[in-house]
Amino acid sequence: MRRAAASVIATVLLLAGCGSSLAEPEGDTLRVLSLDQCADQYVLALGEGHDLALSPRADDPDSWLRAEATGHWMLRPTLESVVAYAPDVVVRYWGGDARLLAELERQGVTVVTIADAADFTSVEQSIVEVAQALDRENEGQALIGTMRSTLKDAAPPDGARPRTALYLTAGGFTSGSGTLIDASLKAAGLENAAGHPGFGAVRVERLAMDPPERFALGFYDQTRADRRGPGRHPLVKRIVEDRPNVRLPAAMLTCPAWFMAEAVPVLADLRDAG
């Protein structure tokens, strides 16, 4: 209902030719628009006190801050709705087509694009950039401080023997070097068993012939997703159940953000298991 209402309001305002489209924010309040679910997380974490409009996926089960999305407008990222909303700042990861982005540039709207991250230093940079655009630098530094503390507390003890672990999704994909998953495994003192850069598919035969010591499972909480994926193959299930394993929720994995650090203590427990 809220999503439909937002779309109707945006269209009505546009057709009415309303110059500012909505009442102007008071004082130093900014009108902030998020174009996709990943950007929603940054805006919700750093945009307190501003007028926020989120993407339609802000309260989905795989949204980390879905509870905080309650009560905010959720707008489809169409040119019409964005023009009607008249944002001061737009935050995006992948959302927004070329036509929309060109119009935002033409209007001089501040657009912050969250970059892909291969490590937590890159995540910190994204936090800084969004926080600066939203005039919330202190909040950004606090978020970075919390992330650093989480990583420090989960770090392996000196001299600990690395254990191999394979990240595996229900769809049968894994994550090698140059990814935030790899950085999380290393931060927990685990050696990535993927053996390749980037993301790639895992063959059931390979797991049967050369299984890793441990498994970090991703997206298995999405019971309706990839129900017939290689990660749910009966043979794979038996191999996984015979070894130490942990499950990382989808909400933790869908965005290169600070909350990926929350996976590291979970992976540290995997390191110490058995």
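No experiment lies behind these values; they were computed from the predicted model shown.

K.L.:
Describe the nonpolar core, and please don't skip the residues or the numbers.
P.N.:
Counting residues in hydrophobic clusters, the biggest one holds 53 residues, and the most contacted among them are Tyr42, Phe120, Trp258 and Leu267. Sorting elements by how many residues they give to this core places helix α2 (residues 37–46) first, with six residues. Those residues in contact with Trp258 that lie beyond four places of it in its chain are Gln41, Tyr42, Ala45, Leu65, Val123, Ile127, Leu143 and Met147. Membership of the second largest hydrophobic core comes to 14 residues, among which are Leu166, Ala193, Phe215 and Tyr220.

K.L.:
Give a detailed account of the environment of Thr70, specifying residues and quantitative values.
P.N.:
Positionally, Thr70 belongs in the loop between β2 (51–54) and β3 (73–74). What makes Thr70 exposed here is its relative accessible area of 59%. A polar contact is formed between the side chain of Thr70 and the backbone oxygen of Ala67, at a distance of 3.1 Å.

K.L.:
Requested: an account of helix α11 (residues 263–272), with residues and values cited.
P.N.:
For an α-helix the count is 3.6 residues per turn, leaving residues at separations of three or four pointing the same way. Of the positions making up α11, those classed as buried are Ala263, Val264, Leu267, Ala268, Leu270 and Arg271. Looking straight down α11, one finds that the buried residues subtend no more than 155 degrees of arc, so they occupy a single side. Across α11 from its buried face, at more than 90 degrees, point the exposed residues Asp269 and Asp272.

K.L.:
Which residues make up the packing of helix α5 (residues 120–133) against helix α6 (residues 137–154), and what are the values?
P.N.:
The contact between α5 and α6 brings their axes to 8 Å, and the two run at 160 degrees. By the angle between their directions, the pair α5 and α6 is classed as roughly antiparallel. Crossing hand, α5 versus α6: right-handed. For the pair α5 and α6, the contacting residues are Phe120, Val123, Glu124, Ile127, Val128, Ala131 and Gln132 in the first and Glu137, Gly140, Gln141, Leu143, Ile144, Met147, Arg148 and Leu151 in the second. Here the residues of the contact of α5 with α6 sort into nine nonpolar, three polar and three charged.

K.L.:
Mind laying out the pattern of salt bridges, listing which residues take part and the relevant values?
P.N.:
Taken as a whole and assessed by the stated rule, the structure comprises nine salt bridges. Two residues, Asp62 and Arg57, come together in a salt bridge whose shortest N-O distance is 2.5 Å. Judged by relative accessible area, Asp62 falls into the buried class, the value being 11%. Two residues, Lys186 and Asp182, come together in a salt bridge whose shortest N-O distance is 3.1 Å. Note that Lys186 and Asp182 are positioned in helix α7 (residues 180–187) at a spacing of four residues, about one turn of the helix. Judged by relative accessible area, Asp182 falls into the buried class, the value being 6%. Connected through shared salt-bridge partners, Arg57, Asp60 and Asp62 make up one network.

K.L.:
Which residues make up the sheet that holds strand β5 (residues 110–113), and what are the values?
P.N.:
Paired through their backbone hydrogen bonds, the strands of a sheet run either parallel or antiparallel. Ordered by their spatial adjacency, five strands build an open sheet running β3-β2-β1-β4-β5, and the pairing between neighbours is parallel. Edge strands, defined here as strands with exactly one partner in the open sheet, are β3 and β5. Where strand β1 (residues 31–34) lies against strand β4 (residues 89–92), three bridges are found, and the strand directions are parallel. For Leu33, the partnering residue across the bridge sits in β4 and is Val90. Here α2 sits on the sheet in contact with β1, β2 and β4, set at roughly 160 degrees to β2.

Conventions used here
- Residues numbered from 1 in each chain as written.
- Predicted model: local features only at pLDDT ≥ 70, side-chain atom pairs only at ≥ 80, totals over all residues.
- Heavy atoms only, no water.
- Core = buried A, V, L, I, M, F, W, Y, C linked by side-chain atoms within 4.5 Å.
- Buried < 20%, exposed > 50% of the residue type's maximum accessible area, 1.4 Å probe, protein only.
- Helix = DSSP H or I, 4+ residues; strand = E, 2+ residues; numbered from the N terminus.
- Contact = heavy atoms within 4.5 Å.
- Polar contact = N/O pair within 3.5 Å; in protein donor to acceptor, adjacent residues only side chain to side chain.
- Arc of directions from axis to C-beta.
- Axes fitted to C-alpha atoms, helices over the stretch in contact; angles between N-to-C directions.
- Parallel < 35°, antiparallel > 145°, perpendicular 65-115°, else oblique.
- Left-handed = near helix turned anticlockwise from the far one by under 90°.
- Nonpolar A, V, L, I, M, F, W, Y, C, P; charged D, E, K, R; others polar.
- Salt bridge = Lys/Arg side-chain N within 4 Å of Asp/Glu carboxyl O.
- Pairing = 2+ DSSP bridges.

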